[in-house]
Each structure stands twice: as structure tokens, then as C-alpha cells.
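# Architecture at a glance
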Amino acid sequence: MTTIPARRSKLTAKLRIVPLGGLGEVGKNMMSIEYGRNLIVIDSGMMFPESDMLGVDYILPDWEYLLDKKEILRAVLITHGHLDHIGALTHFLKEFNVPVYATRLTRGLIEVKLKDEQMLETTNLHTYTAGDVINIGPFTIEPYHVCHSIPDSVGLGITTPAGLIVHSGDFKLDHTPVDGWPTDQAKLAEFSRRGVLMLLSDSTNADQPGATPSEAVLENSFHQIMREAPGRLIIATFASLISRIQQIVNVAERHNRKIAIAGRSMVENTKMARELGYLTIPDNMLVSLDEVKNLPPQQVIIMATGSQGEPMAVLNRLATGRHHSLQIQDQDTVVLSSHTIPGNEETTHSLINRLFQRGADVYYGPVAQTHVSGHASQEELKLLLNMLRPKFFVPVHGELRHLTQHGKIAQQLGMPKSNIAVIENGYPVTIDEDQLEIGQRVPGDYVFVDGSLVGEVGPMVMNQRDGLAQSGFVTAIAGYDRQAGRAVGQPRIITRGFVYVPDADDLLSRAEDVVRATASVQGGTGPHKVEEKVERALSSFFYRETKRRPVVTVALMEV
Ligand SMILES: [Zn+2]
Ligand SMILES: [Zn+2]
């Protein structure tokens, strides 16, 4: 048991929660819970970009709200090891070096990321376990076990001076989970007896009727696929779906297939989960990618990353023939064991097409049951609401349509509308005198990460990338005489991705005329001012002529 002393405030404190990510979207979950001069954060996730966010690697929550609250930030509590809950943690800790609490497996997965960033030594990591009681300032934290698609997931009971908050984490009520450890309903009943002030509950599947199927149903599908696959099996899933990997191992054992793991993140996660005892793979079953070549194809399973068509992941490199040691061969069967993240449909479909082109058979969502969700559907959500009977309710984790649906479900169960806050990122909720108030929005925008540039890629840059992808670019270079205020010599026009140059002589020579004509200003004007004017003229010229908007840049060299 760990205790961090509270700092008391003389003012009457109020309970305030501010969602900083994951409300109004699927991904980058982050919630701030504040009471007086004490603040804790739950999860610190990242999100993969939608296909219209060109060239962005991933997206972080906008934690600007916390910047002037560094002094009162006590800890980050992590619910489980998925990237939409831990993926932003290294970035976050660079800004706020506060204690991090996570369960054993989650901690292991976090350590992998910290090691990559050489931050392991400087980070203050704590392990908590379902059933623990931890005091952090005025908060008493009780992690409880929940079922999800990764082992060692927890929800959190958080006792505050204003009352008990329950945060569900990501959960489902699977009665036959792969690890045999169902959601702790006894603990939920205990919370209920104590009285729940506010419930924050996972809304990812709030628009799905019924209950989410158990992970156990996949066993049959995998069994059938393994029996029928004539050659190698390549199974792609998320690197963090440890439960799925375990399930495939279990079935593979019965079919006498060996398993090789491809893709750095999956290799690392598997290694960590095995060391910690969350994944059981017999030693003689695990083979290297090189050993695969010496085995009969019908004895091989390759587990890989890249089920979303991520360009650098193993599966995409196989589909495009760019993997250093593996190729798709005849009689290969590829299984995509994951859902397609909204926005990734196009890339996933083209991935599947490419795999077919190379001669593989492909099993994916609509044609076979190769994935079940890790999130509760409507009947399970109702059960949780009914069990806890919270006074206030804030649906979390989901797009606005999911949150709204979840709010409606609570109303159907008899909760007054005024006690339900359906809100997106950045809207603070204050509990004051038994009333729920939604305040003015704090910043909650996207922070884009592109390679090593954090937050420098704004909407402006995104627009330019959009333009580049749609219509290419045109660069005009000309000499410029400041005294005379005009272009001199022959302008040069360079273009890529806009028009096929050999066929566009006429268009480009008229563009040169536009440069000459518009680069004629009053003598003494600096080249930068004139460049902008020429850019505008060229843009509208190209739009008039082609109805397209290439990105236009002009460089005038003073002579
Ligand atoms: Zn999750
Ligand atoms: Zn999640």
C-alpha cells in the first residue's frame, strides 16, 4: 500500500473531471480528475490518424489544460496496456514526471516503451493489482479486474471527498475469457452498496445490441481455418492483443503447428508477456522466421502485425513484396484477426486485394469470425448501470454517436437527463451541491506526431499535404530586380504530380507569362511581398485552367 499525503486547500473544493482525450473519438484516452489542489490522470493514450491526415504517424491528447496544474498533478493511473491508453505516456512523462500506476503486465508493456526512449531509470513506476487500495492525496484508488482483449486490465474505484467515482476502463462481461478471469462483479456490487456518485463507462460498442460474444467463440473459427489451410498460416492482429495470441497458440498446439512471430512490437510484447507469465507458449513451439523455411508449410503459423494496412508493418511489406526475408507463396492463408479501425477501411481493403493478387487466400471480418470485440455491448452496459446505480453518468471512450447512445441507454434505465453529461474532449464537468455542471471548453484539439515533430504539424500543414496529395505542386523560380520592381530573365517552372509535363507545354509557358506579368510592381518592393502576389496569381491561373489547386510556391532571386 502506497500513500502520498494530500495537500489541503482552504477554499471549498469541488470535484471536477475534464476529459482530455477519447470522448468524441475512438483512441487517445485520457481523463483528468481534480479535487481541490489535487489532480490525477487516468490513461495516456495515442490515436492512429484517419486516412485524410496525411503523413501523420499518430496523434496525442492535447494536455494544455494540465500545463499550469503541474504542481497539483499527483499521478497517472493506467487501466490496461493498449496503445490508446499507454501510447502517449512517454510524451506525457517528458512534460510531467509524475508517478505512474499500472498492473504488472501493463507495466511491462510500458517499460518496453520507456526503454526505447531511455526513460526507464527516470520514471517513477508503481505496480498495482486488482484488489489493492492505494491512497493518492485525497483519493483512494481501488483497481478491480475487468475482462478485455488484453490480460491484466482494470477498472478503477476512486473515492474522493465528494463521493465514489467508478471508471470502467475498457471492458466486457465475458464469462469465458481466455485467461479464465472474468470481470469482478462482486467488487462492482460492493461499490454499489457504498453508493456511486459518478460512473464513467466505456461506450465503444454502445450502438451494438445484445452482448458481445465471448473470446471463446473464436476458438472454433481458428480450429476450422487451421484444419483447412493447405499451407502456411499468416495471422495478423494488433501487437497488444495478447489474449488473441494465446488463443492461437492453444489451437495451434492441437494442429501441430509451430509459431514464428514477425514484427518488432509483437516480438517485444510477446517476450514481455511470456516473462511475466501472461502468455504461455511452449519453448519448442516457438521458432524463428529463418527456421520457418525448413518446416513443411502446413506446420507453420506466422503471427504478424499490420492488420490495418500500416505501411511499415509486416503484413503490408508481405503484400507489397518488400519484406527482407519472407514472401507470400502459393497456398498461404492470411487471417486478419482484428476489426478495421474507422477511417482505415480503404487501406485495409487494398491490403486484402494485394494479398489475393500474390496468391494468398485471405480470411477477414465479413467472411469469417476472426475477431470479437473487447468492449461491452448494450445489454452489458445496462447491467453495469443497473448494478452501480450511479447518481451521475458520463459516457467515455467513443465517438459522439456512441456517447449519445450510451446516454440514451442510461435514460431508458430511469436516470434523469440532467444527471447525464454527454460531452466531447475538453468539456469540464463539475459536481457542485449535488448538481452536475458542464463548463466552458478547455483546449482539446489534436496534437499530431510526425516522425520526431511533436505538435508542429497543425491544420495548416495538413491542408498543404492534402493539396499536395490531390494536385501536386508547382514551383516558379525567377530572377528579380528590386530597383526596377520586375522579374528578369526566363522564369523556370518546376512541377510534380500536377500535370504530365510533356503534354503541358502550353499551360506552363502561359504560367511563365503570369509570373512575368504579376512580378511587376513598384520599384524598391522586397521580393517576399512580390512572391506572395505571384503565388496568388498562379494559383488562380491554374484553377481557372485546370479546376485543380496544386500547392504553389514562388522563389524570386534578387539579381
Ligand atoms: Zn483497450
Ligand atoms: Zn481503448
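Residues numbered from 1 in each chain as written. Chains lettered and ligands numbered in written order. Predicted model: local features only at pLDDT ≥ 70, side-chain atom pairs only at ≥ 80, totals over all residues. Heavy atoms only, no water.

## With respect to the overall build of the protein chain
Counted only if it meets this: Secondary structure elements follow DSSP: runs of H or I of four or more residues count as helices, runs of E of two or more count as strands, with numbering from the N terminus. Relative accessibility under 20% of the residue-type maximum defines a buried residue, over 50% an exposed one, and the middle range a partly exposed one, all with a 1.4 Å probe and only protein chains included. Contacts are residue-level and defined by heavy atoms, with any inter-residue pair within 4.5 Å sufficient. Method for areas: the Shrake-Rupley scheme with a 1.4 Å probe, in which residue coverage is limited to the protein chains shown. Asp and Glu count as negative and Lys and Arg as positive, but His and the ends of the chain are not part of the count. Throughout, a charge is located at the NZ atom of Lys, the CZ atom of Arg, the CG atom of Asp or the CD atom of Glu.
On a plain count of helices and strands, the protein chain comes out with 16 helices and 27 strands. With respect to the three principal axes, the spread of C-alpha positions in the protein chain is 85 × 70 × 50 Å. Looking at the protein chain as a whole, 53% of its 559 residues are labelled buried. The contacts of the protein chain with a sequence gap of at least 6 include a subset with a gap of at least 24, amounting to 71%. Accessible surface for the protein chain amounts to roughly 24,400 Å². Of this, 48% is attributable to carbon and sulfur atoms. One finds the centroid of the 54 positive side-chain charges in the protein chain at a distance of 2 Å from the centroid of its 64 negative side-chain charges.

## With respect to the pairing of strand E6 (residues 73-77)
Quick note on the threshold: When DSSP finds at least two bridges between two strands, those strands are taken to pair.
Counting buried residues in E6 gives five out of five residues, a clear majority hidden from the surface. Relative to E6, strand E4 (residues 38-42) is paired through four bridges, and the arrangement is parallel. Among the inter-strand pairings, Ile42 is bridged to a residue of E6, identified as Leu77. Here E6 pairs with strand E7 (residues 100-102) via two bridges, running parallel. Bridge pairing in E7 links Leu77 to Tyr101.

## Things to note about the pattern of salt bridges
For the record, the criterion: Here, a salt bridge means any Lys or Arg side-chain nitrogen found within 4 Å of an Asp or Glu carboxyl oxygen.
Tallied over the entire structure, the rule returns 27 salt bridges. With a shortest N-O distance of 2.6 Å, Glu190 and Arg194 are connected by a salt bridge. Residue Glu190 and its partner Arg194 are located together in helix H5 (residues 185-194), separated by four residues, close to a single helical turn. In this structure Arg194 comes out as partly exposed when scored by relative accessible area, which is 41%.

## Observations regarding the coordination of the zinc ion (ligand 1)
What counts, and what does not: Atoms are scored as donors when they are N, O or S and lie within 2.8 Å of the metal, with 3.2 Å used for Na, K and Ca; no water is included, so coordination may look incomplete. Only two sets of limits are used to name each site, 85 to 135 degrees for every angle of a tetrahedral four-donor site, and over 155 degrees for opposite donors with all other angles from 65 to 115 for a square planar four-donor or octahedral six-donor site, with any other site named irregular.
Around the zinc ion (ligand 1), the donor atoms from the protein are His80 (NE2), His82 (ND1), His148 (NE2) and Asp170 (OD), and they sit 2.1 to 2.4 Å away. If you look at the zinc ion (ligand 1), its four donor atoms make angles of 88 to 169 degrees with each other, and the shape they trace is irregular. Here the zinc ion (ligand 1) and the zinc ion (ligand 2) are spaced 3.3 Å apart, with Asp170 acting as a shared donor. You can see His80 sitting in the loop between E6 and helix H2 (83-86) and its partner His148 sitting in the loop between strand E10 (139-146) and strand E11 (153-160), a full 68 residues away along the chain. On the basis of relative accessibility, which here comes to 0%, the residue His80 falls in the buried class. According to the relative accessible area criterion, His148 is buried, its value standing at 7%.

## Describing the coordination of the zinc ion (ligand 2)
Donor atoms from the polypeptide that bind the zinc ion (ligand 2) are Asp84 (OD), His85 (NE2) and Asp170 (OD), placed at 2.0 to 2.2 Å. Read in sequence order, the donor residues coordinating the zinc ion (ligand 2) give the pattern D-H-x84-D.

## Remarks on the environment of Leu381
Here Leu381 is to be found in helix H12 (residues 378-388). A relative accessible area of 0% places Leu381 in the buried class. Between the C-alpha atom of Leu381 and that of Ala410, which follows or precedes it by 29 residues, the distance is 8.9 Å. If near-sequence neighbours (up to four positions away) are discounted, Leu381 is found in contact with Phe171, Ser201, Asp202, Ala206, Ala376 and His406.

## Looking at helix H8 (residues 264-275)
As a reminder, the rule being used: Multiply 1.5 Å by the residue count of a helix minus one, and that product is the helix's expected span. The arc in question is formed by the directions pointing from the helix axis toward the C-beta atoms.
With twelve residues, H8 extends 17 Å from end C-alpha to end C-alpha; this agrees with the ideal 16 Å at 1.5 Å per step. Looking only at H8, the buried set comprises Met266, Asn269, Thr270, Met272 and Ala273. The buried residues of H8 occupy an angular sector of 165 degrees when the element is viewed end-on, so they sit on one face. Along H8, exposed side chains directed more than 90 degrees from the buried face belong to Arg264, Lys271 and Glu275.

## With respect to the environment of Thr333
Secondary-structure assignment places Thr333 in strand E18 (residues 333-336). In the structure, Thr333 is positioned 100 residues away from Leu233 in sequence and 4.9 Å away in space, judged by C-alpha atoms. When near neighbours in sequence (up to four residues on either side) are disregarded, Thr333 contacts Ile225, Ala229, Pro230, Arg232, Leu233, Ile234, Asp361 and Tyr363.

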